[in-house]
Each structure stands twice: as structure tokens, then as C-alpha cells.
Amino acid sequence: MTPRSVRITGWGMYAPERRLTNADLERVVDTSDEWIVTRTGIRERRIAARHETTATLAAIAGKRAIAVAGLQPDDIDVILVATLTPDYWMPSTGALVKEAIGNTRAAAMDVAAACSGLVYGYSVADAYLRSGMFKNALVVGSETLSRYLDFSDRGTCILFGDGAGAVVLSASDEEGGGAQGMELTTDPDGAYMIWLPSGGSRSPASGQTLARGEHYVRMEGKETYRYATKTMATTALKAIERAGWKPDDIDLFIPHQANVRIIESVAKGLGLPMEKMFVNLDRYGNTSAASVGIALAEAVDSGRIKVGDKIVLVAFGAGLTSGGIALEWTADPLNGKRAESVEPVATVREPIDWSSVDPIPDRLRQVLEGNSGPKVPLDDVVPGEPEPAPRDEVLA
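Each value, and the rule that gives it
Per chain, the residues get numbers from 1 upward, laid out in the order the sequence is written. Residue-level local features of this predicted model are given only where pLDDT is at least 70; pairs of side-chain atoms are given and counted only at 80 or more, and the full residue set underlies all totals for whole chains, interfaces and linings. In computing side-chain values, all of the structure's heavy atoms are included and hydrogens and water are not. One speaks of a salt bridge when a side-chain nitrogen belonging to Lys or Arg is within 4 Å of a carboxyl oxygen belonging to Asp or Glu. Put simply, DSSP marks the helices as runs of H or I at least four residues long and the strands as runs of E at least two long, and each gets a number from the N terminus on. Throughout, exposure labels follow a simple rule: accessible area from a 1.4 Å probe, protein chains only, divided by the maximum for the residue type, with under 20% read as buried, over 50% as exposed, and the rest as partly exposed. Here, any two strands with at least 2 DSSP bridges between them count as paired. For helices, the axis comes from a line fit to the C-alpha atoms of the stretch in contact; other axes are also lines fit to C-alpha atoms, and the angle between any two N-to-C directions lies between 0 and 180 degrees. Contacts between residues were defined by any pair of non-hydrogen atoms, one from each residue, lying within 4.5 Å. Planes of paired rings set the category: under 30 degrees apart is stacked, over 60 is edge-to-face and the rest tilted, where pairs are Phe, Tyr or Trp rings (Trp by its six-membered ring) whose centres lie within 6.5 Å. By definition here, charges over rings are those cases where NZ of Lys or CZ of Arg is within 6 Å of the ring centre and within 35 degrees of the ring normal. Only buried residues count toward a nonpolar core. Its members are Ala, Val, Leu, Ile, Met, Phe, Trp, Tyr and Cys residues joined through side-chain atoms within 4.5 Å. A cavity, in this analysis, means grid points on a 1 Å lattice covering only the protein atoms where a 1.4 Å probe fits yet has no way out; a pocket is instead an open set bounded by protein on both sides within 12 Å along at least five of seven lines, and a residue lines either one if it has an atom within 4 Å of a point. Grid points are joined across faces, edges and corners, and a volume is the space filled by probe spheres set on the points. Each residue receives one of three labels: charged for Asp, Glu, Lys and Arg, nonpolar for Ala, Val, Leu, Ile, Met, Phe, Trp, Tyr, Cys and Pro, and polar for the others, Gly being one of them.

## Quick look at the pattern of salt bridges
Okay, step 1: Here the structure, examined in full by the defined rule, presents 13 salt bridges.
Okay, step 2: The shortest N-O distance in the salt bridge between E44 and R19 comes to 3.0 Å. Of this pair, E44 sits in strand β3 (residues 44–47) while R19 sits in strand β2 (residues 18–21); the two residues are 25 residues apart in sequence, bridging distant segments of the chain.
Okay, step 3: Under the relative-accessibility criterion, E44 is labelled buried at 17%.
Okay, step 4: In this structure, R27 and D24 form a salt bridge, with 3.4 Å as the shortest nitrogen-oxygen distance.
Okay, step 5: R27 sits in the partly exposed class, given a relative accessible area of 24%.
Okay, step 6: For D24, a relative accessible area of 14% corresponds to the buried category.

Dropping the structure here:
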């Protein structure tokens, strides 16, 4: 039997305890707090501890979302984990999350759409539930990007952080609510604007690729910035139009948290005030696929969303991908208090004949342990800023 609607019934997030501030980064890379804040809006980001992985972050956020929905883990029929930093290339992180949350019956898989991942995962789950195949779906965006960053490259290491955000979608016999309009795009012309060169079948990991630093994220900052400012607005507008709404009808936008200047450009492009844009990147940085889920959970729990509100989720990411969902909110925001019963603990079983190396990059470890590193002059590749940061500003 097909449902009359598919609605968000649960939400949750998890951010690692350790904060990496702009002041911390000043000790290992040629930058300053003022330089980062004025160009990105970011003040700090979270860093996963050695024992934490993409799967454990996802499991905590997922368990919180399930609790908020008033469900048990085995009520979930399908698990979709959006990530570009999986625990392993195989098995899927989704399979590990299934075990970590205590589910015994769900199908589970990963979604690879980079920063647009949670929106893409939502669209897949929505389609499954509307078909009648499943009743409840868990969609999680989770990342440990700190392990894929070159902490001598200020064009990337200042931007990204670790975390997880999740939603539960449930089929309903009631009319209305849930997603009313969607838009998904992919533009391969920009495939190499944000990419990780080695580790895949094109260039398998080797001593040579490690020596060349090809296991770190690379990004063409200015080009990505231009793409994002254009695509986020057009993707959001298309989703709104498909819902039969107008931008002025929207109560709150939950945009991908990449750069506050991008969000400001999206607001300007839609003719809307920044008050309608939820922003929390100052505290988390860009958490890629986790970004929209974390922002949504915080928006609901902080009282920014109420029953009947029209909400837009919108993101862009490597690929280049973009995704937008215009939805009507139906869940009681007070249900978010149920997440308080979930302890921030999750474990993933490892093979009995194998153990991992320390996953934290050496240069990042210097910061976390309080050791100063050398200042390294770099060319400026921060989005939209072609000139190097003045040395007197950086060292002030």
C-alpha cells in the first residue's frame, strides 16, 4: 500500500568534543583568525578523536534521530549513509552503522554525492517510502574530513570539520507534509574542482601517491565559490517552484554550511534577508554531507522551526552536485528532547586480525597536543581572494 505522504519524524546530530579553533591553526599554517573569519565566517570546527570514525559519528546521530521519531532501531527498514570519508572502501559504512545502532533487519548502503549527500540520500529514501517498499528510513550524513586534509594547505585545512547529522523519514497515511518539490543536478564539467586524486582504481594508493600528497582533498577555491553562489540559488528556486511556492513563502532555508559569503549570495539572489538563512558554520566549519543534517537538527531544537513551516534544504558539492528539497514541516519540535536519552557512544567492530594506524594526520596532531609547528608561506587559494594574506596581519 502506498502512503499519502512521507515526512521527517526524527532528527539528530553529533559533533566530536574536540574543537579546533582558528587560533590553533595559526600555529601550523600561514593564517589568522581575522583572515579566516572575514573570508569564510568560520571560527572553529570539530575534530574526531582517534577512536571515532565516520561510522561511529553516524551511529550516534542516527540513534538520536530514531529516538526523536519515537521508534526502535529495528523499526528502520533502510539505512542510507551519505559520506565521502567512509571507514573503508568496503564494506559500506552503512553496513557498519546498521550493526552499531543495533538494527538486525534493514537494508543499508552508502550514498556518494559529497556535500549534497544528505539531500541526495533524502531523495532516495523518499522514493523508497512513496513506492510502499519501506515504511521507515534512516538517512545520515557523516564525515571525518580532518583525516583527508593537508594541514600545510590553508586553502582547505581551515574550511572543513567532522560531524554527523541524521533524519528519519516515515510513510504516513495523512495527506500533506514532507517533500513537496525536489531538484537534483550534476555538472561533471567541474569534476576536478574538488577532488581526491588517489586511492581509487584510476590511481591506487602507493608509496609514490603518498609522497605526492594525493590522499588529501584538493580544491580550486575561486572556481568552486563561483559555482556554488550560482547553483545553490537556482537549485533552491527550482525545488520551490516544483512545490508550487514562491521564495517569500519559505519560513527558513537550511543551506549547506560551506562559507557564509556563499550563503549571503544565495539570500541576495533569492531576494531574501539573511534572517531566513540558518547559519551555524562559525562553530562547525564545512562538514560536507553532515552539514545540512547538523544545521536542520540545530534549527529545530533551537525553536527556529514549527509545525506547518515551509523549509528548504539546499546543498552543493563535489561532482559537481547540487540538491534542493522544499518541504512542509509536520513533526512536533519538542520531540527533539527525546535525543537527550541517547548517550554519545557508539562502537564499530573491527576485524580480529587487524588494527588501524593512528588516523590523525601528523601536522594536526601537533596542534591537538599543543606543539607549535613552523609557519609555511602559501599562495592564497581561499574562495574569491586572489591576494596572499599580509604577513603583518597574519603575525599580529
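## Observations concerning the sheet that holds strand β13 (residues 321–328)
Okay, step 1: Read from one edge to the other, the open sheet built from 4 strands follows the order β8-β13-β12-β11, with strand pairing classed as mixed. Two strands lie at the open edges of the sheet, namely β8 (178–186) and β11 (252–255), each paired on one side alone. For this sheet, the mean angle separating the axes of adjacent strands, direction not counted, is 10°.
Okay, step 2: Where β11 and strand β12 (residues 310–317) come together, 4 bridges link them in parallel fashion. If you follow P255 over to β12, its bridge partner there is V314.
Okay, step 3: Sheet contacts for helix α11 (residues 291–301): β11 and β12; angle to β11, the most-contacted strand, approximately 145°.

## Some points on unusual backbone geometry
Okay, step 1: Put simply, M90 and P91 share a cis peptide bond, and its omega is 5°.
Okay, step 2: Within the secondary structure, P91 is located in the loop between β4 (78–82) and α4 (93–101).
Okay, step 3: In this structure, L320 follows G319 across a cis peptide bond, with omega equal to -5°.
Okay, step 4: Of note, A114 is a non-glycine position whose phi angle comes to about 55°, a positive value.
Okay, step 5: Within the fold, A114 resides in the loop between β5 (107–111) and α5 (117–131).
Okay, step 6: With a relative accessible area of 9%, A114 lands in the buried category.
Okay, step 7: Backbone geometry places S288, a non-glycine residue, at a positive phi of 55°.
Okay, step 8: Positionally, S288 belongs in the loop between α10 (281–284) and α11.
Okay, step 9: Its relative accessible area of 0% is what places S288 among the buried residues.

## Some remarks on the packing of aromatic side chains
The way to describe two aromatic rings as a pair is by their centre distance and the angle between their planes.
Okay, step 1: Here the structure, examined in full by the defined rule, presents 4 aromatic pairs.
Okay, step 2: Relative to W195, the ring of Y192 has its centre 5.1 Å away and its plane inclined at 75°; by these criteria the two rings are edge-to-face.
Okay, step 3: Among the residues examined, Y192 registers a relative accessible area of 60% and is labelled exposed.
Okay, step 4: The ring of W245 has K310 sitting right over it, with the charged end atom 5.3 Å from the ring centre.

## Brief notes about the nonpolar core
Okay, step 1: Counting 51 residues, the largest nonpolar core has L20, L25, F253, I262 and V312 as its most contacted members.
Okay, step 2: Looking at this core, the elements that each hand over two or more residues are α2 (33–40), α8 (221–242), α9 (260–270), β12 and α12 (362–368).
Okay, step 3: A total of 8 residues in this core trace back to one element, the largest contributor, which is α8.
Okay, step 4: Among residues more than four places away in sequence, those in contact with L25 are L20, T31, I36, R45, F151, C157 and I158.
Okay, step 5: Counting residues in hydrophobic clusters, the runner-up holds 45 residues, among them V78, L252, L296 and L327.

## A closer look at the sheet that holds β4
Okay, step 1: Spatially, β1-β7-β6-β4-β5 is the arrangement adopted by the 5 strands of the open sheet, whose pairing is mixed. Lying at the two open borders of the sheet, with one neighbouring strand each, are β1 (5–14) and β5. Averaged over neighbouring strand pairs, the angle between their axes works out to 20° when direction is ignored.
Okay, step 2: Helix α3 (residues 54–68) contacts β1, β6 (136–144) and β7 (162–172) of the sheet and is inclined by roughly 130° relative to β1.

## Some remarks on the layout of surface pockets
Okay, step 1: Taken as a whole, the largest pocket spans an internal volume of roughly 1300 Å³.
Okay, step 2: Taken together, 46 residues form the lining of the largest pocket, with D87, R147, S356, V357 and P359 sitting closest to its centre.
Okay, step 3: Elements that contribute at least two residues to the lining of the largest pocket include exactly α3, α7 (207–211) and α12.
Okay, step 4: Of all the elements, α3 adds the most residues to the lining of the largest pocket, at 3 residues.
Okay, step 5: Within the lining of the largest pocket, the residues separate by chemical class into 22 nonpolar, 13 polar and 11 charged.
Okay, step 6: There is about 940 Å³ of room inside the second largest pocket.
Okay, step 7: Lining the second largest pocket are 45 residues, with L84, I194, W195, L196 and A318 positioned closest to its centre.
Okay, step 8: Breaking the lining of the second largest pocket down by element, the ones donating at least two residues are β9 (194–195), α8 and β12.
Okay, step 9: In terms of residue count, α8 provides more of the lining of the second largest pocket than any other element does, 3 residues in total.
Okay, step 10: Of the residues in the lining of the second largest pocket, the class split is 28 nonpolar, 14 polar and 3 charged.

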